[in-house]
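Here's the letter readout for the chains.
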Amino acid sequence: METLYHQSNKHVHEVQSHMGRLETCDKQSVHLVENEIQARIDQIFSNLERLEILASKEPPSKRQNAKLRVDQLKYDVQHLQTALRNFQHRRYAREQQEREREELLMRNYTTNDSETSIHIDETLQFNSSVRNAHQGIDDLLGSGSNILEGLRDQRKTLKVGSKWGTTKCGLEGGVVSK
C-alpha cells in the first residue's frame, strides 16, 4: 500500500506541475497537455480505488490513518480535476470570443436601402387604436351635445312664440291668420 500511495502522490505533484504548463503552452499543444493531465488523473483515480481496498485491509491500528491519507489524496485529485475543467471552460469561452470577433471583422456592412421600414410592434398599434377610439367617442359626445343644444334653442323659440300667440308658421292660436 505504501508504494502505491507514494506513486499516486507523486502523480498528483506531477499533475500540479503540468497544470502550470497549461497556462504557458501554445494553442497547438494545449490539447496534448490537457489529454496527458486527464490520463494521469484517471490513473490516479484507479489507484485510489485500489488504495481504498488496501486501506480497509490494514490492521485496525493503522486503518484510520491509511483511510485519512487516501481521503486526502482523493480530495487533492478532485481539486485537480475541477481545476482542469475550469481551465478548459475558460479556454472554450476564449476561443468562442475569438471566433465571434473574427466573424464580426469579416462581415461586410452595407448602407441601408433607400426604403426604410419601421416595424411597429403590437403595443404601439394597440395604443394608437385606443387613441383613435377615444377621439371618436369625444367627437360623438361633442356632436350629441351640439344636437341637444340645438333642441334647447328650438324649445325656447317655440315657448317664446306660443307666449306671443304667433309662431313662425303664422299660426295664431291654432288658426291660420289672414
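The structure this text deals with has already been given above.
Notes on the structure follow. (Residues numbered from 1 in each chain as written. Predicted model: local features only at pLDDT ≥ 70, side-chain atom pairs only at ≥ 80, totals over all residues. Heavy atoms only, no water.)

Turning to the overall build of the protein chain, a few remarks are in order. Secondary structure assignment for the protein chain yields four helices and two strands. Ordered by position from N to C terminus, the α and β elements of the protein chain give α-α-α-α-β-β. Going through the 178 residues of the protein chain one by one, you find that 17% of them count as buried. In the protein chain, once contacts between residues fewer than 6 apart in sequence are set aside, the share between residues at least 24 apart is 67%. For the protein chain, the exposed area adds up to about 14500 Å²; of that, 54% sits on carbon and sulfur atoms. (Helix = DSSP H or I, 4+ residues; strand = E, 2+ residues; numbered from the N terminus. Buried < 20%, exposed > 50% of the residue type's maximum accessible area, 1.4 Å probe, protein only. Contact = heavy atoms within 4.5 Å. Areas by Shrake-Rupley, 256 points an atom, 1.4 Å probe, with all protein chains shown as cover.)

Angle between the axes and distance between the axes: these two values describe a pair of packed helices. Running from N to C, helix α2 (residues 30-56) and helix α3 (residues 60-106) cross one another at 160 degrees; their axes reach a closest spacing of 10 Å. Looking at the two axes, α2 sits roughly antiparallel to α3. As for the relative orientation of α2 and α3, their crossing is left-handed in sense. For the contact of α2 with α3, a count of residues per class yields 15 nonpolar, six polar and six charged. (Axes fitted to C-alpha atoms, helices over the stretch in contact; angles between N-to-C directions. Parallel < 35°, antiparallel > 145°, perpendicular 65-115°, else oblique. Left-handed = near helix turned anticlockwise from the far one by under 90°. Nonpolar A, V, L, I, M, F, W, Y, C, P; charged D, E, K, R; others polar.)

Taken together, the side chains of I147, L148 and L151 make up a nonpolar region of the molecular surface, amounting to roughly 300 Å² of accessible area. Topologically, I147 is positioned in helix α4 (residues 122-164). (Patch = residues over 30% accessible without salt bridge, like charges linked within 9 Å, V, L, I, M, F, W, Y side chains within 5 Å. Salt bridge = Lys/Arg side-chain N within 4 Å of Asp/Glu carboxyl O.)

Before going further, it helps to spend a moment on the pattern of salt bridges. Overall, the coordinates contain eight salt bridges when judged by the stated rule. With a closest N to O distance of 3.7 Å, R40 and E36 form a salt bridge. In this pair, R40 and E36 are both assigned in helix α2, four residues apart and thus about one turn of the helix distant. In this structure R40 comes out as partly exposed when scored by relative accessible area, which is 21%. Its relative accessible area of 30% is what places E36 among the partly exposed residues.

This paragraph deals with the side chain of H11. By the secondary structure assignment, H11 is in helix α1 (residues 2-24). Taking relative accessible area as the criterion, H11 reaches 12% and is therefore assigned buried.

The subject of this paragraph is the packing of aromatic side chains. Any two aromatic rings considered together are summarised by their centre-to-centre distance and by the angle between their planes. Under the counting rule described, the total for this entry stands at zero aromatic pairs. Positioned over the ring face of Y5 is R69, at 4.1 Å from the centre of the ring. (Phe/Tyr/Trp six-rings, centres within 6.5 Å; stacked < 30°, edge-to-face > 60°. Lys NZ or Arg CZ within 6 Å of the ring centre and 35° of its normal.)

Further remarks concern the nonpolar core. Ranked by size, the top nonpolar core spans 21 residues in total, and within it V15, M19, L22, I37, I41, L48 and L51 carry the most contacts. Counting only elements with at least two residues in this core, the list comes to α1, α2 and α3. Discounting residues that sit within four places of it in the chain, L51 has contacts with M1, L4, Y5, S8, V70 and L73. (Core = buried A, V, L, I, M, F, W, Y, C linked by side-chain atoms within 4.5 Å.)

Looking now at α1. Between the first and last C-alpha of α1 there are 34 Å, a value that for 23 residues agrees with the 33 Å anticipated at 1.5 Å per step. Along α1, the residues classified as buried are L4, Y5, S8, H11, V12, V15, H18, M19 and L22. Among the structural elements, α2 and α3 are those in contact with the buried residues of α1. (Expected span 1.5 Å × (residues − 1).)

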